[in-house]
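As a plain string of letters, each chain reads:
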Number of protein chains: 4
Amino acid sequence: MSSTYGEKIKISVFGESHGNGIGVVIDGLPAGVKIDIDRLLIQMARRAPGQDKTATPRREKDLPKILSGMLDDTLTGAPLAAVIENTNTRSGDYSNLMTCPRPGHSDYSAFVKYNGANDIRGGGHFSGRLTAPIVFAGAVCRQILEQQGIKIVAHISSIGKVEDEMFNPVNIDEKLIERLNCAKFTLINEDVEDAMREEVENARLNLDSIGGTIECAVTGIDAGFGGPLFGGVEGEISKAVFGVPAIKGIEFGKGFELSEMLGSQANDPFRYENGRVITETNNMGGILGGITNGMPIVFKVAVKPTPSISQKQKTVDLQKKENAELEINGRHDPCIVPRAVPVIEAVTAIAILNII
Amino acid sequence: MSSTYGEKIKISVFGESHGNGIGVVIDGLPAGVKIDIDRLLIQMARRAPGQDKTATPRREKDLPKILSGMLDDTLTGAPLAAVIENTNTRSGDYSNLMTCPRPGHSDYSAFVKYNGANDIRGGGHFSGRLTAPIVFAGAVCRQILEQQGIKIVAHISSIGKVEDEMFNPVNIDEKLIERLNCAKFTLINEDVEDAMREEVENARLNLDSIGGTIECAVTGIDAGFGGPLFGGVEGEISKAVFGVPAIKGIEFGKGFELSEMLGSQANDPFRYENGRVITETNNMGGILGGITNGMPIVFKVAVKPTPSISQKQKTVDLQKKENAELEINGRHDPCIVPRAVPVIEAVTAIAILNII
Amino acid sequence: MSSTYGEKIKISVFGESHGNGIGVVIDGLPAGVKIDIDRLLIQMARRAPGQDKTATPRREKDLPKILSGMLDDTLTGAPLAAVIENTNTRSGDYSNLMTCPRPGHSDYSAFVKYNGANDIRGGGHFSGRLTAPIVFAGAVCRQILEQQGIKIVAHISSIGKVEDEMFNPVNIDEKLIERLNCAKFTLINEDVEDAMREEVENARLNLDSIGGTIECAVTGIDAGFGGPLFGGVEGEISKAVFGVPAIKGIEFGKGFELSEMLGSQANDPFRYENGRVITETNNMGGILGGITNGMPIVFKVAVKPTPSISQKQKTVDLQKKENAELEINGRHDPCIVPRAVPVIEAVTAIAILNII
Amino acid sequence: MSSTYGEKIKISVFGESHGNGIGVVIDGLPAGVKIDIDRLLIQMARRAPGQDKTATPRREKDLPKILSGMLDDTLTGAPLAAVIENTNTRSGDYSNLMTCPRPGHSDYSAFVKYNGANDIRGGGHFSGRLTAPIVFAGAVCRQILEQQGIKIVAHISSIGKVEDEMFNPVNIDEKLIERLNCAKFTLINEDVEDAMREEVENARLNLDSIGGTIECAVTGIDAGFGGPLFGGVEGEISKAVFGVPAIKGIEFGKGFELSEMLGSQANDPFRYENGRVITETNNMGGILGGITNGMPIVFKVAVKPTPSISQKQKTVDLQKKENAELEINGRHDPCIVPRAVPVIEAVTAIAILNII
């Protein structure tokens with residue numbers, strides 16, 4: 001069990017929410033690839049808290065400091081290491097903090113695993129803050145992929161019951177990808193934004209939170225990557241995607257809908273188009289037998305509602321060994337779906353770079 | 001990319017449908033564990049084709065031959081290797097077989113990956129037959145788990161639009177587990193069997209096929225296994241489950257339903273019961289922050305309809321490089337869901353033995 | 001801990017000396033490569049017991065049966081599995097066999113590790129017989145390498161105090177490679193054969209055994225493979241080489257001699273030759289900073305004397321928990337060095353295919 | 001190929017000599033273990049340049065900054081990350097530096113591997129400076145081991161032709177371990193120090209360098225760890241040890257001497273001592289069949305002379321593609337053996353923690 005991912009490109013994520021710093025080491029990157037730092041920072045900004053619709057590469061103190069692996073913005077081939085310092089480290093007393101685990105959180109399960117030795121301040125290693133170095137790693141990987149014509153794009157497919165349009169799975173518009181790749185509240189159909197924000201605001205007003213889904217696609221990937229059985233693309237992407245906190249489901253192509261479909265409906269007919277084999281539909285999400293078939297890889301993930309809510313909740317007191325009630329104070333994101341979009345893209349980029 | 005799974009317990013699956021044999025090597029098993037061969041064969045029988053409702057340990061020629069790793073039915077600690085010989089090997093001409101890839105199948109993507117060198121007879125390494133050694137491996141792993149009080153159980157949760165009852169996720173009856181673990185058409189509510197079989201029969205009569213879902217649970221597993229980020233239980237199970245052909249989605253606990261839920265609905269309240277911390281609901285499927293919380297692990301997978309259907313389908317002729325039509329002859333399973341149940345249990349057992 | 005090796009090309013070896021069969025699964029091999037089975041069998045024959053000087057591809061019952069991964073002698077890209085059946089399986093009583101562990105053998109350490117559950121008949125999984133599937137795997141890998149111009153060659157560099165000539169480390173003759181690759185008692189200078197055989201015969205007559213060294217080289221490998229720190233070629237080859245029973249040391253280039261040398265003696269001067277960078281000497285064994293430099297990789301391994309000797313030896317009785325004496329009966333190879341030569345070549349081939 | 005080591009405890013080393021910082025991430029460490037920071041710093045000090053004989057835990061600016069994984073000097077179970085900032089970063093022009101590769105160095109092989117994109121300032125990722133984070137990681141691992149009674153100890157067994165005494169391989173004195181573990185010029189027989197220093201001084205005066213050997217032992221490790229074939233202890237330790245720059249050979253127990261020995265001389269007789277099985281000699285270095293036998297693990301490594309010498313050397317000009325001469329300026333360590341002692345101990349600790 002580890003905070004490490006990948007065989008070809010190895011990602012090692014570290015950090016705790018209130019420790020000295022968080023970061024990532026990426027081993028196995030190709031030497032000589034130029035990285036556009038501004039575009040990298042845009043991805044970091046998309047994940048960062050804040051209200052604006054379009055992310056800009058602001059150079060603030062909360063930025064990753066690159067320690068190694070890059071010289072003159074070019075990958076050297078040595079492990080790429082980046083650190084984001086934690087500036088909000090407080091040395092208050094926290095020894096008794098972990099008495100009442102928050103429902104829906106890792107508090108209890110981590111307490112058992114680490115026998116109480118884990119750093120629970122701000123969620124420790126389980127904090128959503130840890131997705132920042134993941135986005136950094138993913139932003140590097142996607143630039144490498146883009147130089148090979150492979151693009152990653154995701155959007156908020158739903159929040160609560162409000163849905164965005166879905167990707168056209170056989171052909172995703174380049175302009176759309178470009179727009180979504182810089183957006184902060186990432187939607188195909190921007191008309192649903194108000195309804196989605198209302199869903200979130202309602203949850204917030206009720207001291208509650210709300211879940212959603214994210215649809216992600218990989219375009220420009222050739223047929224023939226991946227493999228049978230445990231070497232399949234679905235498994236590789238899933239392993240990466242479930243590395244993102246709060247993800248509880250994933251489906252490729254039509255996914256769970258396929259369970260109600262007939263073979264004659266589900267099978268994607270092959271056809272030649274401009275001398276290239278394509279499929280007329282893409283119910284399989286671009287993957288057949290665990291191997292890419294040249295169509296966009298398309299999948300959707302389920303994001304659970306933020307577990308930290310301010311309503312009174314039932315829990316236990318682990319010291320007194322009795323039932324208890326818990327009220328969590330402080331400001332919490334009532335919906336993490338918008339900020340999770342670039343994180344899903346990031347882990348997808350890391351996974352894809354591992355299989356090509 | 002490989003047909004290998006696991007770090008602690010390594011599974012290496014081999015074989016092609018019409019080659020000399022298929023099998024598996026399992027490295028890392030604990031020495032000294034006694035294996036009940038009859039119970040192992042029941043799991044093999046559940047996956048084997050045939051109509052009866054309850055599996056029996058028939059000792060036929062299609063049985064696994066154990067080459068190493070077991071002495072007097074006891075694991076020796078050396079790699080456990082088992083082979084199932086293929087008796088239907090025909091040496092006919094097959095060089096021109098791969099002209100028109102079957103829609104929904106690995107034919108085309110594998111053709112590209114292996115540059116035409118793969119053995120396509122009967123699906124080759126992509127054949128569903130490869131799940132037989134996986135069930136063998138899983139059957140060994142689950143006996144090891146059972147000796148530690150951990151049980152794996154699954155059932156057909158739906159075929160087409162016909163649904164079975166779902167597990168009570170906070171408490172799964174031991175008797176029910178016992179019954180399901182020996183069943184061939186594995187249902188909690190046996191009253192839905194006729195309707196499900198009708199769904200399958202209708203598909204068959206229409207030269208079509210139908211998909212479904214399988215719900216799987218792991219009981220008796222303590223809190224504290226798994227880990228944060230890429231070491232999470234969801235990722236580990238997914239990696240294993242997507243190793244099974246035809247699986248296109250997975251969701252843990254309430255899964256995709258969580259995306260429409262509020263935090264106050266989704267969070268599972270903690271409570272003491274007989275001195276043990278439990279949750280009142282189990283929407284999280286027994287996993288918090290990637291780590292088991294002591295409740296049953298519960299997940300559901302989506303099984304696509306068998307791609308091999310006898311209806312005429314649109315495809316391409318890869319030799320002539322033009323569009324074509326395809327009619328697949330021969331007998332095909334119009335629904336693989338019932339036989340996939342023990343396979344899902346098997347990969348789950350392998351995954352769980354890797355994380356505890 | 002496992003009988004598995006490799007990340008890119010994964011080898012999984014299985015079998016016990018008196019079990020049903022031994023074999024290997026090789027995952028990750030390139031599809032479409034034609035394998036010359038006769039040349040493969042020559043490597044198997046070089047390892048097999050027998051007196052002749054030159055190996056021939058005899059097709060006997062002790063041959064590997066290829067179960068999958070090969071069609072018409074061409075790799076399909078699916079895992080390549082081969083089994084050698086054990087025909088000498090006897091079902092006699094062996095339950096009390098493991099009372100007095102043989103000195104120098106794995107008997108005692110394995111007994112502790114497996115808590116007595118391991119199959120000790122004929123050495124079980126620790127038997128030298130397990131090197132047969134390793135040679136099979138290596139023979140496949142080296143043919144793939146040869147098609148890329150990379151050759152592996154080894155010879156008996158010493159038995160006891162009798163030494164062969166060493167390779168010219170900057171330039172190894174192609175004709176020599178060809179001859180050595182088919183030899184059974186593999187020597188550069190065949191004049192030392194008699195003296196070496198006498199060394200072995202003397203040991204045998206004294207109911208004793210004798211060790212030796214093997215020198216191995218890899219030619220035709222370009223500069224630039226391997227990596228810094230734990231990704232170095234030395235580490236990769238060592239990991240593979242110590243997988244061979246009885247190997248207790250390895251040194252690259254001048255190896256331990258370097259410890260007495262000055263930098264001015266040890267450093268290999270660079271020079272252009274026919275437009276290509278070479279080194280005038282090759283004290284570093286073709287590896288600088290863990291990375292190949294284009295010169296032959298050269299290393300030497302130490303083979304300990306066969307531990308099974310017929311002299312009376314001091315040991316313990318693990319049942320009675322007291323000191324004991326042991327006389328091992330039966331015929332034992334007084335020197336395994338000649339037969340270990342193709343095994344060292346095999347693991348080297350597997351290692352090299354993993355790093356290029 | 002990577003700067004990563006280990007499956008159970010994963011070490012990811014990063015940094016370049018003149019980059020912003022070097023460091024290490026260690027994943028998989030047990031939660032709740034208290035680390036003595038002073039003792040950790042002693043190990044760092046033993047590796048640091050400087051003349052004194054005994055290391056002290058000086059708290060300087062060149063110290064590791066722990067970013068995560070430790071709270072109140074106790075491991076939290078999250079990845080432990082430490083960074084040492086590089087303060088000597090100069091931004092001078094270096095673009096044309098890599099023209100003439102230094103003989104014996106990684107310059108040429110790395111140039112080919114990274115196609116010239118690697119950071120060559122001060123050796124970049126290949127700098128000996130990278131062993132500082134390795135010592136940090138090892139110092140943590142050895143404290144964990146010590147709490148289980150396992151100790152690692154090494155000494156300078158030779159420099160040039162001057163030899164120290166060797167360990168008594170069947171019983172290594174606790175007091176000796178204690179003394180050596182804090183020494184900077186680590187010798188069993190301190191009387192040979194002057195002769196050794198003279199060997200080094202002579203090399204230095206001749207603008208040359210000198211190699212040596214290091215003997216290392218692991219005490220207090222029970223029988224039964226490791227495994228057959230590729231899971232052997234020798235392979236695991238070798239993989240780690242060859243991760244240290246300048247190591248060109250390794251031998252376990254009597255190592256290469258075994259090649260000249262008879263089985264009757266080499267085999268270590270078993271005997272009961274205080275109810276425990278021991279061996280009377282330890283020619284096998286504590287490992288039988290790849291598995292520990294309860295005796296000290298003993299091995300020796302060969303350290304090549306520092307390749308950076310100030311004498312004029314023959315090399316090539318990679319830009320002009322012609323032969324050239326090279327004079328390296330600057331101060332270079334004429335013998336790295338003394339400082340390599342704690343590095344060898346460190347990688348051994350990491351390897352051992354991976355196999356127990």
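Position numbers for residues count from 1 along each chain, tracking the sequence in the order it is written. The lettering of chains begins at A and the numbering of ligands begins at 1, in the order of writing. Thresholds applied to this predicted model are a pLDDT of at least 70 for local features of residues and 80 or more for the giving and counting of side-chain atom pairs; totals over whole chains, interfaces and linings are not thresholded and use all residues. Side-chain descriptors were evaluated using all non-hydrogen atoms of the structure, hydrogens and water having been removed beforehand.

Participant: I tried to follow the pattern of salt bridges on my own but got confused; where do I start?
Facilitator: Oppositely charged side chains may form a pair once their charged atoms are brought near each other. All names here are of chain C. Each salt bridge in this description consists of a side-chain nitrogen of Lys or Arg and a carboxyl oxygen of Asp or Glu lying within 4 Å of one another. Evaluated as defined, the whole model comprises 72 salt bridges over all chains. The closest approach of N and O atoms between R39 and E146, which form a salt bridge, is 2.5 Å. On the criterion of sequence distance, the pair formed by R39 in helix α1 (residues 37–47) and E146 in helix α3 (residues 131–146) is long-range, its members being 107 residues apart. Throughout this description, buried means an accessible area under 20% of the type-specific maximum (1.4 Å probe, protein chains only), exposed means over 50%, and partly exposed covers the range between. Assessed through its relative accessible area of 38%, R39 is described here as partly exposed. A salt bridge links E174 to K151; the nearest nitrogen and oxygen atoms lie 2.6 Å apart. Placement of E174 in helix α4 (residues 174–180) and of K151 in strand β8 (residues 151–159) is noted, with a sequence separation of 23 residues between them. Accessibility expressed as a relative area gives 26% for K151, which makes it partly exposed. Only runs of H or I of at least four residues qualify as helices and only runs of E of at least two qualify as strands under DSSP, and these elements are numbered from the N terminus.

Participant: Quick question: what am I supposed to make of the relation of the copies chain C and chain D here?
Facilitator: Relating one copy of the chain to the other requires a rotation about an axis plus a shift along that axis. Overlay of chain C on chain D (RMSD 0.0 Å): rotation 180°, translation along the axis 0.0 Å. Considering both components of the superposition, the chain copies are consistent with a two-fold axis. In what follows, residue pairs with any heavy atoms lying within 4.5 Å of each other are defined as contacts. Of the residues that chain C buries at the interface, 100% are likewise interface residues in chain D, meaning the two copies contact each other through the same surface. Fitting of the copies onto one another was done by least squares over C-alpha atoms, counting residues only where both copies have pLDDT of at least 70.

Participant: How should I be thinking about the interface of chain C and chain D in this particular structure?
Facilitator: Accessible area lost on assembly of the parts is the figure often given for the size of an interface. Each partner contributes residues to the interface: chain C has 100 residues there, and chain D has 100 residues. As a working definition, buried area equals the accessible area (1.4 Å probe) given up by two parts on being put together, with both sides summed. Roughly 8000 Å² is buried in total at the junction of chain C and chain D, and carbon and sulfur atoms are behind 66% of that figure. Three residues, C:L229, C:F230 and C:K248, lead the burial of chain C against chain D; their summed loss comes to 12% of the area buried on that side. If you look at where chain C meets chain D, you find eight salt bridges. Among the salt bridges present, the one from C:K314 reaches D:E280, with a minimum N-O distance of 3.1 Å. Here a polar contact means two N or O atoms within 3.5 Å. Within protein one must be a hydrogen donor candidate and the other an acceptor candidate, and residues neighboring in sequence count only if both atoms are side-chain atoms. Where chain C packs against chain D, one counts 41 residue pairs in polar contact (both at pLDDT 80 or more).

Participant: Where do I start with the environment of B:I120 in this structure?
Facilitator: Looking at where B:I120 falls in the secondary structure, it is placed in the loop between α2 (107–113) and α3 (131–146). Of the residues examined, B:I120 reaches a relative accessible area of 19% and is grouped as buried.

Participant: Explanation requested: the relation of the copies chain B and chain A in the structure shown.
Facilitator: Mapping chain B onto chain A leaves a residual RMSD of 0.0 Å; the transformation is a rotation of 180° accompanied by 0.0 Å of translation along its axis. Mapped onto chain A, 99% of the interface residues of chain B again fall at the interface, so both copies present the same surface.

Participant: Can you walk me through the packing of aromatic side chains in this structure?
Facilitator: Each pair of aromatic rings is reported with the distance of its centres and the angle of its planes. All names here are of chain A. Ring pairs shown here join Phe, Tyr and Trp side chains whose ring centres sit within 6.5 Å, with only the six-membered ring taken for Trp; geometry is labelled stacked below 30 degrees between planes, edge-to-face above 60, and tilted in between. This structure, assessed with the given rule, holds 22 aromatic pairs over all chains. When the centroid spacing of 6.3 Å and the interplanar angle of 65° are considered together, the rings of Y114 and F126 count as edge-to-face. Here Y114 is found in the loop between α2 (107–113) and α3 (131–146), whereas its partner F126 is found in the loop between α2 and α3, with twelve residues between them in sequence. The exposure class of Y114 is buried, given its relative accessible area of 6%. Given a relative accessible area of 17%, F126 falls into the buried group.

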